[in-house]
Each structure stands twice: as C-alpha cells, then as structure tokens.
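Commentary on secondary and tertiary structure
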Amino acid sequence: MDRVVASAPAKINLALRVGAPRPDGFHPLDTVFEAIDIVDDVEARRADSLSLTISGLGEDLPVDETNLAIRAAHALIKHAGLEANPPGAALHITKRIPVAGGMAGGSADAAGTLVALNELWGLKMETSRLLEIGAELGSDVPFSLHGFLAHGTGRGEHLTPITTKGRHGWVLVTSRLGLSTPAVFRAFDQRGGLADPENAVVPPPSTRELREALVTGDLHSVASYMINDLQPVAASMRADLKNLLELLDDAGRATILSGSGPTIAILTDVEGVAATKRRVLDLLSSLPGSYEVLTAEGPAAGARIIPDVGPHANSGAGLSQRT
Ligand code: C5P
C-alpha cells in the first residue's frame with residue numbers, strides 16, 4: 001500500500017476537574033471526554049524520508065521536529081525498533097480542528113499519524129500499544145485514538161469508556177487568538193494557591209454524577225453537571241472570553257469552556273443545533289471582534305483509517321462504538 005488516510009477527532013471536556021500539580025508538573029485530572037465529528041485528516045504516502053505539509057486551518061504551524069505529528073512518527077519508529085533503518089513517509093494534514101483552541105487539534109494530528117503510519121508501514125501494532133505511545137506524546141493523544149466518550153484520570157491519559165444513550169449536538173464558538181495550555185494551568189495554580197507545596201496532594205473533585213447522568217442519557221441532567229475548573233481562570237486571563245461566556249450562558253442547554261480554551265462549547269439536542277447556531281450568531285452580532293461558529297455532533301469515533309481509502313479500511317485504532 002502506498003497511501004493511507006486516517007481521520008482523528010477533536011474533543012470537548014464535558015467536565016474538567018483539576019487537582020494540585022504533581023512533582024512532574026502535570027495536574028491530576030478527573031475529566032469526561034467526548035469526541036466530536038470535527039476531524040483532521042492525516043494522509044501518509046510512501047517516501048524515502050519523513051516530511052510534513054499542512055493545509056486548511058493550520059497553514060502557519062511549524063512542520064519541523066516540533067510538530068506533534070512528526071514527533072509521533074519518530075515515536076512509532078522507536079517503539080517498532082526501526083531506528084537503525086527508519087522508514088519514510090510524506091505526511092499531509094488537512095486541518096479542520098481550531099488551532100490552540102482547547103479541542104486537542106495537535107493531539108488529533110498525533111493520533112491520526114500513529115494510525116496512518118501503523119497501517120502504511122505494516123507495523124500491526126495493537127491499539128493498546130498505540131495508546132501507550134500516544135500517552136508519551138501528550139495527555140490528550142490517547143483519547144483521540146480512543147474516541148466516543150471516556151472518563152479520563154491521571155493527567156488525562158488513563159481512559160475508561162463511558163456508555164451513553166443518545167447523541168449530543170454542539171455549537172462551538174472559536175476565537176482567532178489561541179490560549180496557551182501551560183499558561184492557563186499556571187494561572188490556575190496561582191489563583192488557587194495550589195502551587196504551594198503544603199497543598200501538594202489536592203486530588204481533583206469527582207465527575208461521578210456527570211458520568212451517571214451520561215449512562216441514563218438525560219440531557220438535562222448531563223447539562224447540569226458540566227463544569228470546567230479552568231474556566232474561571234481562562235476568563236480572568238481574557239476579558240473577551242469572560243464577556244463571551246456571559247453572553248452565551250443561556251444559548252443552549254449548557255455553555256462551557258472547552259479544555260483550556262478559548263473555544264466555547266454549547267450543548268444542545270441534535271435536532272436543536274441549527275436553531276441554537278442562529279441564536280448564537282444573533283447574540284454575537286452585538287459584540288465587537290470576529291468569531292467563528294461551528295456545529296458538531298458527538299460522540300464520534302476515534303482515530304481510524306478512513307473507509308474505502310486503503311485495502312484495510314476501518315482497521316485503525318478506533319474502538320468499537322459504545323453509544
Ligand atoms: O500533555 P500535554 O503536552 O498536552 O500538556 C501540555 C501542557 O499542559 C503541559 O506541559 C502542562 O503545562 C499542562 N498540563 C498539565 N496537566 C495536565 C495536562 C496538561 O499541567 N494534566
């Protein structure tokens with residue numbers, strides 16, 4: 001096979017509870033991830049060396065060794081024991097996930113690259129192995145491989161699938177100016193005094209009630225338990241975000257910052273997406289600045305080879321659907 005394409009989903013944290021930083025600097029999380037049907041596509045073609053090009057939203061992103069997709073390729077080569085004679089690939093990412101938006105776009109590119117190159121190079125690595133490699137690359141990479149709905153613990157890399165009834169509609173408001181994840185976590189520590197060594201073992205609050213609501217599928221109840229501990233911090237860092245969150249508070253069933261932001265995610269019934277989008281656009285017309293409004297549905301599959309592209313269609317790392 002000379003060419004494969006994998007698609008990998010963006011995520012929204014339905015809840016993101018954060019504890020005090022660990023000795024390694026990462027924060028213990030109790031989070032509920034939902035994969036949505038906004039995806040980046042990673043195309044991999046056989047080539048003598050490794051290269052990367054990007055089209056779509058991320059045309060300004062670096063394509064060198066700092067890009068998480070290139071790092072994913074190197075990690076795969078290392079884990080496959082191929083460092084002495086590394087295989088090459090020309091990677092091309094078609095980006096649709098907003099950059100630096102709190103929706104794990106970079107992690108999706110890494111997940112898509114792992115799945116695409118596993119296939120292109122015929123490595124036959126198990127999903128469990130890809131999840132381990134993904135965790136080395138970033139806290140959100142395993143979830144982009146996993147997809148659907150999952151409870152995340154540790155720094156977000158330990159995943160337990162959640163079964164839910166029904167589907168969710170989403171209206172997403174993205175800002176042109178991104179937010180740095182490490183900066184938001186640092187501000188969280190300063191605000192809560194959590195960087196103080198005396199507070200060293202503060203576990204994150206639990207997401208148990210939200211997970212129970214997801215199992216019953218009652219959207220009203222799901223909405224009532226959505227919470228993001230980084231939201232007040234991100235809003236204090238960016239006045240525009242604070243205004244936006246207030247303005248959009250009643251636009252759907254629940255309005256929440258996605259991850260470390262600045263994307264704002266509004267939960268709605270699948271049938272209500274178009275009407276909610278109109279309401280959001282109407283509300284935004286009263287604000288200065290330019291925002292993009294996207295719509296999505298979830299839960300969606302994890303990173304996988306796109307069907308009908310390669311001869312091994314659908315053999316990627318996406319786990320079976322658990323809706
Ligand atoms: O794991 P990832 O590379 O995505 O994390 C980016 C940054 O976000 C980390 O360097 C760290 O500053 C912060 N982070 C954290 N705790 C987590 C996840 C991320 O402090 N659980």
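Residues numbered from 1 in each chain as written. Predicted model: local features only at pLDDT ≥ 70, side-chain atom pairs only at ≥ 80, totals over all residues. Heavy atoms only, no water.

1. Some remarks on the environment of Thr-153
You can see Thr-153 is positioned in strand β5 (residues 149–153). Accessibility expressed as a relative area gives 27% for Thr-153, which makes it partly exposed. Sequence-wise, Thr-153 and Leu-29 are 124 residues apart; in three dimensions their C-alpha atoms are separated by 5.3 Å. Those residues in contact with Thr-153 that sit more than four places away from it in its chain are Leu-29 and His-158. (Helix = DSSP H or I, 4+ residues; strand = E, 2+ residues; numbered from the N terminus. Buried < 20%, exposed > 50% of the residue type's maximum accessible area, 1.4 Å probe, protein only. Contact = heavy atoms within 4.5 Å.)

2. Focus: the site of the ligand
The environment of the ligand is formed by Gly-25, Phe-26, His-27, Leu-29, Gly-138, Ser-139, Arg-155, Thr-181, Pro-182 and Phe-185. His-27 is positioned with one of its side-chain polar atoms (N or O) 2.6 Å from an oxygen atom of the ligand. Separating a nitrogen atom of the ligand from a backbone N or O atom of Arg-155 is a distance of 3.2 Å. Considering the ligand on its own, with 450 Å² of exposed area, one finds that the protein chains cover 72% of that surface. Taken atom by atom, the bulk of the ligand overlaps the largest pocket. Examining the composition of the shell around the ligand, we find that 3 residues originate from one element, helix α5 (residues 181–192), more than from any other. Taken together, the residues of the shell around the ligand sort by class into 4 nonpolar, 5 polar and 1 charged. (Near = heavy atom within 4 Å. Polar contact = N/O pair within 3.5 Å; in protein donor to acceptor, adjacent residues only side chain to side chain. Areas by Shrake-Rupley, 256 points an atom, 1.4 Å probe, with all protein chains shown as cover. 1 Å grid on protein atoms, 1.4 Å probe; cavity = no way out; pocket = protein on both sides within 12 Å on 5 of 7 lines; lining within 4 Å. Sits in = over half its atoms within 2 Å of the grid points. Nonpolar A, V, L, I, M, F, W, Y, C, P; charged D, E, K, R; others polar.)

3. Overview of the side chain of Ser-258
If you trace the backbone, Ser-258 turns up in the loop between β9 (254–257) and β10 (264–268). Using a relative accessible area of 0% as the deciding quantity, one classes Ser-258 as buried. A distance of 2.8 Å separates a polar side-chain atom of Ser-258 from the backbone oxygen of Gly-102. Those residues in contact with Ser-258 that sit more than four places away from it in its chain are Lys-11, Ile-12, Asn-13, Gly-101, Gly-102, Met-103, Asn-228 and Thr-263.

4. With respect to α5
For α5, spanning 12 residues, the distance from its first C-alpha to its last is 17 Å, which sits close to the expected 16 Å at 1.5 Å a residue. Taken together, the buried positions of α5 are occupied by Ala-183, Val-184, Phe-185, Ala-187, Phe-188 and Asp-189. Those residues of α5 that are buried are in contact with β1 (3–18), β2 (29–47) and α8 (231–237). (Expected span 1.5 Å × (residues − 1).)

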